[in-house]
Amino acid sequence: MQDCKPISTPLPSKLDYIALNSDEKFEAPCRNLIGCLMYVMVCTRPDLCTAVNILSRYTNKNNKELWQELKRVLRYLKGSKDIKLTYTRGQYNNLLIGYADSDWGGSDTNDRKSTSGYLFQLFEKCTICWSTKRQASVAASSTEAEYMALFEAVKEALWLKSLAISINIRIEQPIVIYEDNNGCISIANNPSSHKRSKHIDIKYHFTREQVERKVIQLIFISTENQLADILTKPLPAVKFLKCRAEMGLTE
């Protein structure tokens, strides 16, 4: 693949999930390649997070479509091999901020489970951690899917805060997490029982407790400016490249 033609995104915005689910075996080292891509993604390339997460769901299939999509990721890497996380000095209001998002219902129609995504930045521009994860259960609404994604982000925020304290960095202000769903923010900020949230697992209301204690502050952000969108689903090239640049991935 070293002489392959570069491409601008790791996955097409409309994946053929039916073909990915095919049981027709194909002789190709799919698992080995996914393992290599996972190493790169975990260390320095959050832009690969969604691609690795989605394609790793089909390793038991090992079909031709999976191999084609994996080769597409290599084509993307060919065109972006000089991209890296870049940390720069600048003005900031918050030491640590986060973005949380979900893709409600997912694109795969087999089980309709949503995908959670979050990322955190130091000094409002230095990306330090990221995650893409399939939710354990089907969400009944976009608000519930966002609330479940927010729960994962809040857990990570508290861990980062404890890590900062261990190296003598104190985060005095509430940790800002940007969320693009007003219903989700309303449930987290409202301690009273809510008709649309009474069926949600109790553990997800951990977020509400952290908001009440002023450890976390939720701020609405438009979907257009939601950085975590790149961690929940394949995006069109223009949106993908915009998010990638705002994450601090530059040459």
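Summary of the structure given here. Keep in mind that what you see is a predicted model, and the values were worked out from it rather than measured.

The next subject is the pairing of strand β2 (residues 96-103). For β2, the buried fraction is high: eight of the eight residues fall into the buried class. A two-sided burial pattern is seen for β2, the buried positions comprising Leu96, Gly98, Ala100 and Ser102 on one face and Ile97, Tyr99, Asp101 and Asp103 on the other. Relative to strand β3 (residues 115-122), β2 is paired through eight bridges, and the arrangement is antiparallel. Bridged to Ile97 within β3 is Gln121. Where β2 meets strand β5 (residues 175-179), four bridges bridge the pair, whose relative direction is parallel. Across the sheet, Ala100 pairs through a bridge with Glu179, a residue of β5.

Moving on to the environment of Gly35. Relative to the elements of secondary structure, Gly35 occurs in helix α2 (residues 30-43). The spatial distance from the C-alpha of Gly35 to the C-alpha of Val52 is 8.9 Å, given a sequence separation of 17 residues.

Another aspect to go through is the side chain of Asp103. With respect to the helices and strands, the residue Asp103 is situated in strand β2. As a buried residue without a salt bridge, Asp103 has its nearest oppositely charged side chain in Lys233, at a separation of 4.7 Å. Sequence-distant contacts of Asp103, defined by excluding residues within four places in its chain, comprise Ser114, Thr115, Thr232 and Lys233.

Right, let's get into the layout of surface pockets. Reported here for the largest pocket is a volume of approximately 190 Å³. Those elements that place two or more of their residues in the lining of the largest pocket are β4 (126-134) and α5 (142-166). Here the lining of the largest pocket is composed, by residue class, of 13 nonpolar, no polar and one charged.

Leu70 and Tyr99 are the most contacted members of the largest nonpolar core, which totals 41 residues. Listing elements by their share of this core, those giving two or more residues are α1 (17-20), α2, α3 (49-55), α4 (64-79), β2, β5 and α8 (237-246). Here this core gets six residues from one element, more than from any other, and that element is α4. If sequence neighbours within four positions are ignored, Leu70 has contacts with Cys30, Leu33, Ile34, Leu37 and Leu55. One finds Leu96, Ala100, Ala188 and Val211 within the second-largest nonpolar core, a separate group that totals 24 residues.

Turning our eyes to something else, we now look at the state of the cysteines. With the rule as written, the count across this model stands at zero disulfides. Of all cysteine sulfurs in the structure, the one in Cys43 sits closest to Cys36, which takes part in no disulfide; the separation is 12 Å. Here Cys49 stays free of any disulfide, with the sulfur of Cys129 as its closest cysteine sulfur at 11 Å.

How each quantity is defined
Residues numbered from 1 in each chain as written. Predicted model: local features only at pLDDT ≥ 70, side-chain atom pairs only at ≥ 80, totals over all residues. Heavy atoms only, no water. Buried < 20%, exposed > 50% of the residue type's maximum accessible area, 1.4 Å probe, protein only. Helix = DSSP H or I, 4+ residues; strand = E, 2+ residues; numbered from the N terminus. Pairing = 2+ DSSP bridges. Lys, Arg positive; Asp, Glu negative; His and termini not counted. Salt bridge = Lys/Arg side-chain N within 4 Å of Asp/Glu carboxyl O. Contact = heavy atoms within 4.5 Å. 1 Å grid on protein atoms, 1.4 Å probe; cavity = no way out; pocket = protein on both sides within 12 Å on 5 of 7 lines; lining within 4 Å. Points joined across faces, edges and corners; volume = space filled by probe spheres on them. Nonpolar A, V, L, I, M, F, W, Y, C, P; charged D, E, K, R; others polar. Core = buried A, V, L, I, M, F, W, Y, C linked by side-chain atoms within 4.5 Å. Disulfide = S-S within 2.5 Å.

Don't take any of this as a statement about function, it's just geometry.
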